[in-house]
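# Examining the three-dimensional arrangement
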Amino acid sequence: MYECGYCHPIGNSPITPWAEKISSAQVENIKKNFASVKPMNEKPLALQEDVSAAAVKDVSAVEPTKRGAISVIRHVTPYYTGYSRIDNAIVDALKGKSQELKDNVYDIIWSDLLPSNVHGLDEADRKALISLGVEKAQYLADNFMDDKTKDSFMDAMRQIAKIGMEGKRVGTCGMEYSVKHVIQIDGDGYVHDSNADLYIYAMEKSDPKAFAAYKKLLQSSKGDEMEAAFFTLRWAMKHLTLVEANRTDYEKLRDERYKKLDEVKLDQTFSGADTSSKESFLASIKEKLNAARNPNIANTEFFLKRIEEMTRIQGKYLIGRQRVLAARA
């Protein structure tokens, strides 16, 4: 298991009592000034004037417990890889579907397929987590999508899983993936291929001097790539003929990237789970995890916790996004 350089488990450091962290002079100063502090609410607690005496006396009419409104904890932000064929297949599959389904799908991408932090997981566990994410996606597809939609949806989810399989560690806990961070998205949520990649490709092939200047700007930007982007755009506007001359070769290169992604092999730790119902699915996943204490998984406790979290969610979804607030009179 990887040891994290900046995350520490609870209990390693002894707890120092608060009284030992301050001097006796500070304690005396607190005692001296405490009585001089004015209360936050100078008015005594009282009922509003418009509350009738009858309403106050009729306590029998008040229910012991009142259920409050349903509160949405959060909606999951959509994840876009920048591969338009992949992202748009998911957008199509989720169009017109419930917000719960959308949240479940994008949570799988963020948490299982392309997690940014894999603290406590070695490479075998990380890839097993991707396998779990693929099976969770298959469960959602089998139970909430029609046959035509779920095929294209699962093709896209497996492609994202393959991007995850090719991910690289940064330090011990962080991950980097071959995805784009600047993406063109229209008002309907569809991803459009950016011409910026074509411009950079044409610049590299046809104008090495300009490309070297672009790389120098990019390296000196320290995360702010705006100046390099404007340099690329200005170059493209001045060299439209070179851009068009390289378009065919660039499109071939783009297609090759999809083909290379197709060749990536997925982890099979949880493959073939029973997706006929939520109960069957969770039991099947747990069975695969416990099969002779699966030798491919070191951190079984992590996966057992994931399964338990899905078990506690009410309804047929795997991830909960709502809570009911209750109040006692």
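As shown above, the structure is provided for reference.
Summary of the structure given here. Quick caveat, the model's predicted, so the values are computed rather than measured. (Residues numbered from 1 in each chain as written. Predicted model: local features only at pLDDT ≥ 70, side-chain atom pairs only at ≥ 80, totals over all residues. Heavy atoms only, no water.)

## As for a nonpolar patch on the surface
- A cluster of nonpolar side chains, Met 226, Phe 230, Leu 233, Met 237 and Leu 240, forms an exposed patch at the surface whose accessible area comes to about 500 Å².
- The greatest single-element share of the nonpolar patch, amounting to 4 residues, is contributed by helix α10 (residues 226-238).
- Mapping Met 226 onto the fold places it in helix α10.
- For Met 226, a relative accessible area of 48% gives the class partly exposed. (Patch = residues over 30% accessible without salt bridge, like charges linked within 9 Å, V, L, I, M, F, W, Y side chains within 5 Å. Areas by Shrake-Rupley, 256 points an atom, 1.4 Å probe, with all protein chains shown as cover. Salt bridge = Lys/Arg side-chain N within 4 Å of Asp/Glu carboxyl O. Helix = DSSP H or I, 4+ residues; strand = E, 2+ residues; numbered from the N terminus. Buried < 20%, exposed > 50% of the residue type's maximum accessible area, 1.4 Å probe, protein only.)

## Details of the environment of Ala 245
- Locating Ala 245 in the fold gives a position in helix α11 (residues 240-262).
- The exposure class of Ala 245 is exposed, given its relative accessible area of 57%.
- With 43 residues separating them in the primary sequence, Ala 245 and Ala 202 have C-alpha atoms 8.1 Å apart.

## Thoughts on helix α5 (residues 99-113)
- With 15 residues, α5 extends 20 Å from end C-alpha to end C-alpha; this agrees with the ideal 21 Å at 1.5 Å per step.
- Where α5 is concerned, the buried positions are Leu 101, Asp 103, Asn 104, Val 105, Tyr 106, Asp 107, Ile 108, Ile 109, Asp 112 and Leu 113.
- Buried positions along α5 lie against α4 (84-94), α6 (123-144), α7 (147-165) and α13 (300-312). (Expected span 1.5 Å × (residues − 1). Contact = heavy atoms within 4.5 Å.)

## Section: the packing of α6 against α7
- Two numbers describe how α6 lies on α7: the axes approach to 10 Å, and their chain directions differ by 170 degrees. On the basis of their axis angle, the class for α6 and α7 is roughly antiparallel. Packed against α6, whose contacting residues are Arg 126, Lys 127, Ile 130, Val 134, Ala 137, Gln 138, Ala 141 and Asp 142, the element α7 presents Lys 150, Phe 153, Met 154, Met 157, Arg 158, Ala 161, Gly 164 and Met 165 at the interface. (Axes fitted to C-alpha atoms, helices over the stretch in contact; angles between N-to-C directions. Parallel < 35°, antiparallel > 145°, perpendicular 65-115°, else oblique.)

## Details of the packing of aromatic side chains
- What the rule picks out here adds up to 9 aromatic pairs.
- Ring geometry for Tyr 201 and Tyr 250: centres 5.9 Å apart, planes at 55 degrees, overall tilted. Of this pair, Tyr 201 sits in helix α8 (residues 195-206) while Tyr 250 sits in helix α11, and the two are 49 residues apart along the sequence. Exposure class is identical for Tyr 201 and Tyr 250. Each is buried.
- In textbook terms, an aromatic cluster arises when at least three aromatic residues are bridged by ring pairs, as seen for Tyr 139, Phe 144, Phe 281 and Tyr 317. (Phe/Tyr/Trp six-rings, centres within 6.5 Å; stacked < 30°, edge-to-face > 60°.)

## Thoughts on the nonpolar core
- Counting 60 residues, the largest nonpolar core has Ile 90, Ile 109, Leu 113, Leu 114, Phe 153 and Met 157 as its most contacted members.
- The element contributing the most residues to this core is α6, with 9 residues.
- Ile 109 has contacts with Tyr 79, Ile 90, Leu 114, Pro 115, Met 157 and Ile 160, leaving out every residue within four places of it along the chain.
- Core analysis: the second largest hydrophobic core is formed by 14 residues, Leu 198, Ala 202, Met 203 and Val 243 among them. (Core = buried A, V, L, I, M, F, W, Y, C linked by side-chain atoms within 4.5 Å.)

## Things to note about a negative patch on the surface
- A cluster of acidic residues, Asp 151, Asp 155, Asp 262 and Glu 263, forms a negative patch on the protein surface.
- Looking at where Glu 263 falls in the secondary structure, it is placed in the loop between α11 and α12 (278-290).
- Overall, the relative accessible area of 59% leaves Glu 263 in the exposed class. (Lys, Arg positive; Asp, Glu negative; His and termini not counted. Charge placed at Lys NZ, Arg CZ, Asp CG, Glu CD.)

## Describing the packing of α4 against α11
- One way to put it is that α4 packs onto α11 with a least axis distance of 11 Å and a crossing angle of 65 degrees. Between α4 and α11, the crossing angle belongs to the class labelled roughly perpendicular. Where α4 abuts α11, its residues Ser 84, Arg 85 and Ile 86 lie against Arg 254, Asp 255, Tyr 258 and Leu 261.
- Looking at the contact of α4 with α11, its residues break down into 3 nonpolar, 1 polar and 3 charged. (Nonpolar A, V, L, I, M, F, W, Y, C, P; charged D, E, K, R; others polar.)

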